[in-house]
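One letter stands for each residue in the lines below.
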Amino acid sequence: MLPVITASVPVLEPPGWAIEQRGLFDLLDHAWRRFARDFTGPDGRLLYNGRLTSRDGVDDFYETFFNWPQLYLLGGADDLLAASEHHWHGVTRQLTELGMLHEEYERGYDWFHQGESLLLLYFLCMAAPDRWAERALRFADLYADPAHGNYDPEHRVIRRPHNGSDPRREGLFDGAGYPWLPQEAAMYGFPLDWVVPPGAGEPERDRDPRLGEEMRRRMGTGDTAVNLAASGLVLNAWMLSGEPRYRDWIAEYVGAWRERAAANGGVIPDNVAPDGTVGGLLEGRWYGGHYGWSWPHGWYSVGHAAMVAALAGAAATGDDSFLDLVRPALDEIIAHGKVMAFTEADSSIRSKWTVQLAEDVHTPTLHVPFRYGDKGWFDHNPMLMGVPAALWHHSASASDRERIERLRAACGYDWRTVRSFRSKEEAGHEEPWFAFLAGDDPGYPERILAAAQAQVRHRLTRMERYRGREVPEADIHLWQQSNPVVTEALVQLTWGGPQVIYNGGLQQARVRHYDADARRPGLPPSVAALVSAIDPDATIVDLVNLDPQATRRVIVQAGAFAEHTIRTVRHTVCSDPSWIGDLYDYGHGRPVVTSTETRAGGPWLLVELPRSTCVRLTLRLDLRTRPPSYRTPFGAPVVDDPSPREDPR
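Residues numbered from 1 in each chain as written. Predicted model: local features only at pLDDT ≥ 70, side-chain atom pairs only at ≥ 80, totals over all residues. Heavy atoms only, no water.

### Some points on the layout of surface pockets
- A volume near 1,800 Å³ is recorded for the largest pocket.
- What lines the largest pocket is a set of 50 residues, and nearest its centre among them are Asp60, Glu184, Lys424, His477 and Gln481.
- For the lining of the largest pocket, the elements supplying multiple residues, two or more each, are helix 2 (58-63), helix 5 (111-127), helix 7 (182-188), helix 14 (350-357), helix 18 (444-466) and helix 19 (478-482).
- Looking at the lining of the largest pocket residue by residue, the class counts come to 20 nonpolar, 16 polar and 14 charged. (1 Å grid on protein atoms, 1.4 Å probe; cavity = no way out; pocket = protein on both sides within 12 Å on 5 of 7 lines; lining within 4 Å. Points joined across faces, edges and corners; volume = space filled by probe spheres on them. Helix = DSSP H or I, 4+ residues; strand = E, 2+ residues; numbered from the N terminus. Nonpolar A, V, L, I, M, F, W, Y, C, P; charged D, E, K, R; others polar.)

### Digging into the packing of aromatic side chains
- Summed over all chains, the structure comprises 33 aromatic pairs.
- Ring geometry for Tyr48 against Phe61: centres 5.8 Å apart, planes inclined by 80 degrees, an arrangement best described as edge-to-face. Pair noted here: Tyr48 is in the loop between helix 1 (16-39) and helix 2 and Phe61 is in helix 2, with a separation of 13 residues, a long-range link. The residues Tyr48 and Phe61 share a single accessibility class, namely buried.
- Taken together, a centroid distance of 5.3 Å and an interplanar angle of 85 degrees make the contact between Trp286 and Tyr287 edge-to-face.
- The class for Trp286 is buried, based on a relative accessible area of 18%.
- Pairwise contacts between aromatic rings join Phe112, Phe173, Tyr178, Tyr291, Trp295 and Tyr300 into one cluster.
- A cation sits over an aromatic face here: Arg260 above Trp257, 5.0 Å from the ring centre.
- Sitting above the plane of the Trp495 ring, Arg512 keeps its charged end 6.0 Å from the centroid. (Phe/Tyr/Trp six-rings, centres within 6.5 Å; stacked < 30°, edge-to-face > 60°. Buried < 20%, exposed > 50% of the residue type's maximum accessible area, 1.4 Å probe, protein only. Lys NZ or Arg CZ within 6 Å of the ring centre and 35° of its normal.)

### Considerations on the sheet that holds strand 19 (residues 604-609)
- A sheet is described by the order of its strands in space; here five strands give the open sequence 1-19-16-12-13, paired in mixed fashion. The open sheet has two edge strands with one neighbour each: strand 1 (4-6) and strand 13 (520-521). (Pairing = 2+ DSSP bridges.)

### Thoughts on the packing of helix 15 (residues 386-395) against helix 16 (residues 398-409)
- Relative orientation of the contacting elements helix 15 and helix 16 amounts to 150 degrees, with a least axis distance of 8 Å. Taken together, the axis directions place helix 15 and helix 16 in an arrangement best described as roughly antiparallel. Helix 15 and helix 16 meet at a crossing whose hand is left-handed. Residue-level inspection shows Pro388, Ala389, Leu391, Trp392 and Ser395 of helix 15 in contact with helix 16, the latter providing Asp400, Arg401, Arg403, Ile404 and Leu407. (Axes fitted to C-alpha atoms, helices over the stretch in contact; angles between N-to-C directions. Parallel < 35°, antiparallel > 145°, perpendicular 65-115°, else oblique. Left-handed = near helix turned anticlockwise from the far one by under 90°. Contact = heavy atoms within 4.5 Å.)

### A short note on the confidence of the model for the chain
- The predicted model of the chain averages 92 in pLDDT, with 92% of residues at 70 or higher.
- Contacts of residues 636-643 to residues separated by more than four positions or lying in other chains number 19 contacts, the stretch itself having pLDDT below 50. (pLDDT = per-residue confidence, 0-100.)

### Some details on the side chain of Thr625
- Summarising the element assignment, Thr625 is placed in the segment after strand 20 (613-622).
- Given a relative accessible area of 16%, Thr625 falls into the buried group.
- A distance of 2.5 Å separates a polar atom in the side chain of Thr625 from a polar atom in the side chain of Thr565.
- At 3.2 Å, the side chain of Thr625 forms a polar contact with the side chain of Arg626. (Polar contact = N/O pair within 3.5 Å; in protein donor to acceptor, adjacent residues only side chain to side chain.)

### Looking at the pattern of salt bridges
- The full count for this structure, using the stated rule, is 46 salt bridges.
- For Arg107, the salt bridge is made with Asp166, and the minimal N-O distance between the two is 2.9 Å. Of this pair, Arg107 sits in the loop between strand 4 (105-106) and helix 5 while Asp166 sits in the loop between strand 6 (157-158) and helix 7, and the two are 59 residues apart along the sequence.
- Under the relative-accessibility criterion, Arg107 is labelled partly exposed at 25%.
- Each of the salt bridges in this network shares a partner with another, and the network as a whole consists of Glu214, Arg217, Arg218, Glu283, Arg285 and Asp374. (Salt bridge = Lys/Arg side-chain N within 4 Å of Asp/Glu carboxyl O.)

### A few points about empty space enclosed by the protein
- Enumeration according to the criterion identifies ten cavities of 30 Å³ or more in this entry.
- Size it by volume and the largest cavity reaches roughly 220 Å³.
- For the largest cavity, the lining is made up of 22 residues, of which His304, Gly386, Glu425, Ala427 and Glu430 are closest to its centre.
- Breaking the lining of the largest cavity down by element, the ones donating at least two residues are helix 12 (299-317), helix 14, helix 15 and helix 17 (430-437).
- Its residues placed into classes, the lining of the largest cavity shows twelve nonpolar, six polar and four charged.

Take a look at the structure:
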């Protein structure tokens, strides 16, 4: 039997955040249905009749729907899961017809983009593991099983930067040269700038055949750091199956990269030759690999892939020292930071920060270098907070929190500022969320929910502008930019977690919720949730039932994948419900609202919410007492089972 908490505090004046949260759910329900009606065909595919002229594009089709099953998991409509599955199948058929997939999987491309493609699959596995397990294991075996040709167990490397389901796909491009657009070359420059051609000007360099030849020879084979994101695919398979071989592959492959980073002074290198030597194809350089430190994105790609792998290693083995794959590199770029206005920085991704910083583009603040080459560190940007937030969320350690505090102290703008913008990652509000968790900004929930609503309405307007138009071949990002589903605010407020690491991560959350009566994941209708603290000793969750007639029952789960244990829960109690009219009258000399403590001892807790009631839960959590898995609370869980590192199924 699950431990049961019954709410008894009446909701006389519903909190603003609860009303706005349920309003956002309603708006999102309208929005995704409009998008499906106007931008997709009967079989779920996107309305697009063009062709794809390079290896790029698979991610852009799947990314459009990546957070639809995530919204279902948060408490979106019952039929949203079926719609998400329908669109995955439709897009998969569409991409197969375009020649991009083999047996439903990417034929061969880099993991910066593959990780983006797979987020939709990961959330579908999270929402309906029984239906998606076979496919997910088949995909993971492309890497975990050396017979498929992607992984070399002797040297512990993925054999090439472009990898996937087609072992015949070699190199980085088809044809004579890398298919970058002129604006991309202007933003990111050229790889191997120390090789070819020494005297050529930038306009001629992309047409010089020597660059294509050198890229094939030096960058088109061997392992690269962004391949670490493949560990997320294998972790997903381990959580679905419990097969030790998936856990062992993660420990072996991610462990090899940990050793290489340790040998490089702690900073993860970005390239490994086929024989297992760092810099073996780049004259000893630890930098310069495909999607590595020098080109095109640096920390933006390397840091996120390393974070996916560090979390996978820690989850699969229970060894948090895997996080040291990331920490030294993060601290290194912070150590080389400079205080300047963004308008003075040498950033290669100006369009991202112009929107995100708004008027603070002129405010002097800490900028850290994202890239490294022969001349040292360059390409300065404000700190992307996804990695520091993911580290702290997982470890709950004082040192990881202190790093965030130092970044805040070095920042020239107010972290409590909430701006309505949409980054590609559907993230970017980690700073004000941290200020809220630190107790500095109690108004954050209402403001972030308002910003989320503004983005939904903006995208609905954008959809009207493009409805019925043929999407041009050069603008396949239009669907992502129009996707009206926004989830960051709901993830932070209801799950107490950061948005998923976009390039292939699996969700982090301090708690998740299930509708006990509907026996499905997500908050029940009319119920709102707010996580206002994520300290393991005091994780605070408010639950509010706004329904004036019906009782709702919520199962609270510790962790995104039931990996934590709820030792005890302290909750608010109305000691005399007949005093409802005097609830806020403290002149009677005795308290109306008290608290009581209940022992739980497992990952789940049932909360009964009679009509128009609320409760505040203060959870004492033991983190990572069991391996993460896709098990649900609907299988007769045991209350006092400590279950140390059991089979994850």
